[in-house]
Amino acid sequence: MAKAKNNSALDSVQILKTYKMYIGGNFPRTESGRYYSPQVNGKSIANICRASPKDMRNAVVAARSAQPPWASRTAYNRSQILYRIAEMLQGRSEQFVAELQIQGLKTQDARIQVQATIDRMIYYSGWCDKFQQLFSSVNPVASSHFNFSVLEPTGVVVLLASQTSPLLGLANAIAPIIASGNTCVAIANEDQPLSAITFCEVLQTSDLPPGVVNVLTGKLDELMTHAAKHLDVNAIAADQIGTPNLEAVRADAAGNLKRIADLQIDWSDDNQAQNPYLIEKFCEVKTTWHPIEQISSSGSGY
Amino acid sequence: MPHPQSFTCSSPPVDQVGVIERAKRFQTRSVKTQSKMQGLRMILSMIDLTTLEGMDTPGKVKQLCFKAQHLHDSTAGLPTVAAICVYPNFVALAKRALGDSKIKVASVATAFPSGNTSLEIKLDDVRMAVDQGADEIDMVISRGKFHAGEFGYVYDEIAEVKNACGPSRLKVILETGELGTFDNVRKASDIAIAAGGDFIKTSTGKIKPAATMPVTLVMLEAIRDHYFKTGEMVGMKPAGGISNAKLALQYLIMVQETLGDSWLDNHWFRFGASSLANDVLMQIVKQNTGAYQSADYFSID
């Protein structure tokens, strides 16, 4: 009996894996039934869903309904969940390294990227219950009022993810968005979407409530218009999508006063990628005037 | 009037697997552009805008009546809803608030939602609503009696209520979520139709599951068989759980393919819903503007 050359049946039969998307805690196929195959060195590496505007709509619906409960969790609990994501990533790091290699990265670069992703999740996990103290203020006013400003999550944020950093760029942008209580619909790297979907498997098993992060795969120029025009999307994080695309997004978003954040960040650089101001970018400032009475003649009102 | 027993005995058995498979087929249709817009407007005109909460206040009912007449004023050419559906004690108020808008007032009655009280009290409940001007009465059948096999009682009760309705149209709520099987749903439908119900309605909205496509299909088939036999049309109202436009369009397809075009009118078909209207409006505005909408820009329901 001839000895089999390959140990795994999957290695011997070359059938491309079909990746699905991540919407509302589930992994559905695109409702459109359209697929594409990204290539590395002229060879197809996987079958990927090409999301339609309706998939975008479904993802926004999921993100919208998940947002208030996510924001009302304690900051400490959000922190724990982000930390859990880091732990799950660590446990599956070899798989991510292998997948990044399939997408054309060198082994050493892949290892660095996976390690950095884990570190950044821990970094933003730490900020969940600390950014509020840093950015909030008690404001001096010229009347008998207690006046304070606090940050609130802006709502549903669409992330047009990095086209150069398939895992780190995505995860590193998602973490500060969800840290404050936003929910996120990410459009993954068009040519290297594999690790984005596998990252979703990590999210699903990390106690992150369904709908907090949703990931679509497909053509950026097709999806970004619908995201920008969507009235139920509160902000867009555009990660180096190029000037013409950014201009188009700004024009489409003007009709509904959407917040546009142009992320010009080198994700491999700790100094740029680790920054609490990335959390603040996706928050709104609420200022409250609270009347106080003069209870002490010595000055203090409260 | 024939004896009710003859109806219950003649109810045909329902092929459960077949009904579920058939209902699934309606969900694979794709309705686009013009047909979609036409369907969406039709859905709006078929809605019984409903508030049936213990916490209903006069203010809430007035607000709902205003919404019924002004679904989304910034979009021109929208129909109004078919009716407002409230508890009997709000009928007079709703009637005043709706004025001459031609929107009907439907009132639940007969000890809604459980239906567990004496016939006299149920009839008083109905008369009170009718006296105050209710155009339509939504009654509940006695499910307990139905399960006890007292089909004659259920039949007689519906007939008495129909009598008390006078000129008002009667919708008979079967509460399919409590009937258990499709065979029971079919039997209850046949009883309600034979006893004189102008409409048969799936649910109170208080029990899950409420309206589903298969259960509605069973009821539509009862209506169809009655029509073939007698030439009389009976209305249908699925209620509860239909909260998005896509699903409502699929219901319209099911009605059209089971009963035909004559039923695609709010005289014969209604949706009992509260949040459906906003979703349909959002779809209509999306079709007009090309941008997906947010609930923030539509009235609260």
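Calculation criteria
- Residues numbered from 1 in each chain as written.
- Chains lettered and ligands numbered in written order.
- Predicted model: local features only at pLDDT ≥ 70, side-chain atom pairs only at ≥ 80, totals over all residues.
- Heavy atoms only, no water.
- Buried < 20%, exposed > 50% of the residue type's maximum accessible area, 1.4 Å probe, protein only.
- Helix = DSSP H or I, 4+ residues; strand = E, 2+ residues; numbered from the N terminus.
- Pairing = 2+ DSSP bridges.
- Right-handed = clockwise from strand over helix to strand, strands pointing away.
- Expected span 1.5 Å × (residues − 1).
- Polar contact = N/O pair within 3.5 Å; in protein donor to acceptor, adjacent residues only side chain to side chain.
- Contact = heavy atoms within 4.5 Å.
- Axes fitted to C-alpha atoms, helices over the stretch in contact; angles between N-to-C directions.
- Parallel < 35°, antiparallel > 145°, perpendicular 65-115°, else oblique.
- Left-handed = near helix turned anticlockwise from the far one by under 90°.
- Nonpolar A, V, L, I, M, F, W, Y, C, P; charged D, E, K, R; others polar.

Visitor: Mind showing me how you'd approach the pairing of strand S2 (residues 83-86) of chain B here?
Guide: Every regular strand shows the same layout, with side chains that alternate between the two sheet faces. Residues and elements named next belong to chain B. Neither face of S2 is open: one carries Ala83 and Cys85, the other Ile84 and Val86, and all of them are buried. Bridging between strand S1 (residues 47-50) and S2 involves three bridges; their strand directions are parallel. Paired with Leu49 across the bridge in S2 is Ile84. Once you follow S1 into helix H4 (residues 58-69) and on to S2, the crossover reads as right-handed. Pairing between S2 and strand S3 (residues 104-108): four bridges, direction parallel. Residue Ile84 lies in a different strand from S3, and its bridge partner there is Val105. Handedness of the crossover is the feature at issue here: the chain leaves S2, passes through helix H5 (residues 91-98), returns alongside S3, and the resulting connection is right-handed.

Visitor: Please clarify how helix H9 (residues 182-194) of chain B should be interpreted in this entry.
Guide: Every α-helical turn comprises 3.6 residues, leaving residues that sit three or four positions apart pointing alike. All names here are of chain B. If you check H9, its first and last C-alpha atoms are 18 Å apart, about what 13 residues at 1.5 Å a residue would give, namely 18 Å. In terms of burial, H9 is a largely internal element, eleven of the 13 residues being buried. Listed in full, the buried residues belonging to H9 are Phe182, Asn184, Val185, Arg186, Ala188, Ser189, Asp190, Ile191, Ala192, Ile193 and Ala194. Where H9 ends, the next residue or the one after it, Gly196, has phi of about 110 degrees, a positive value.

Visitor: Looking at this structure, how should I read the side chain of B:Glu136?
Guide: Residues and elements named next belong to chain B. On the secondary structure map, Glu136 appears in strand S4 (residues 136-140). Only 2.8 Å separates the side chain of Glu136 from the side chain of Arg270, close enough to count as a polar contact. Leaving out residues up to four positions away in the same chain, Glu136 has contacts with Asp48, Ala83, Lys104, Val105, Ala106, Ser107, Ser168, Arg169, Lys171 and Arg270.

Visitor: Any chance you could explain the packing of helix H3 (residues 33-45) of chain B against helix H12 (residues 276-289) of chain B here in plain terms?
Guide: Describing two packed helices takes the angle between their axes plus the distance from one axis to the other. All names here are of chain B. At a minimum axis distance of 10 Å, the contact between H3 and H12 shows a crossing angle of 150 degrees. In terms of their interaxial angle, H3 and H12 are classed as roughly antiparallel. Note on packing geometry: the crossing formed by H3 with H12 is left-handed. For the pair H3 and H12, the contacting residues are Thr33, Lys36, Met37, Leu40, Arg41, Ile43 and Leu44 in the first and Leu276, Ala277, Val280, Leu281, Gln283, Ile284, Gln287 and Asn288 in the second. Classifying every residue of the contact of H3 with H12 gives nine nonpolar, four polar and two charged.

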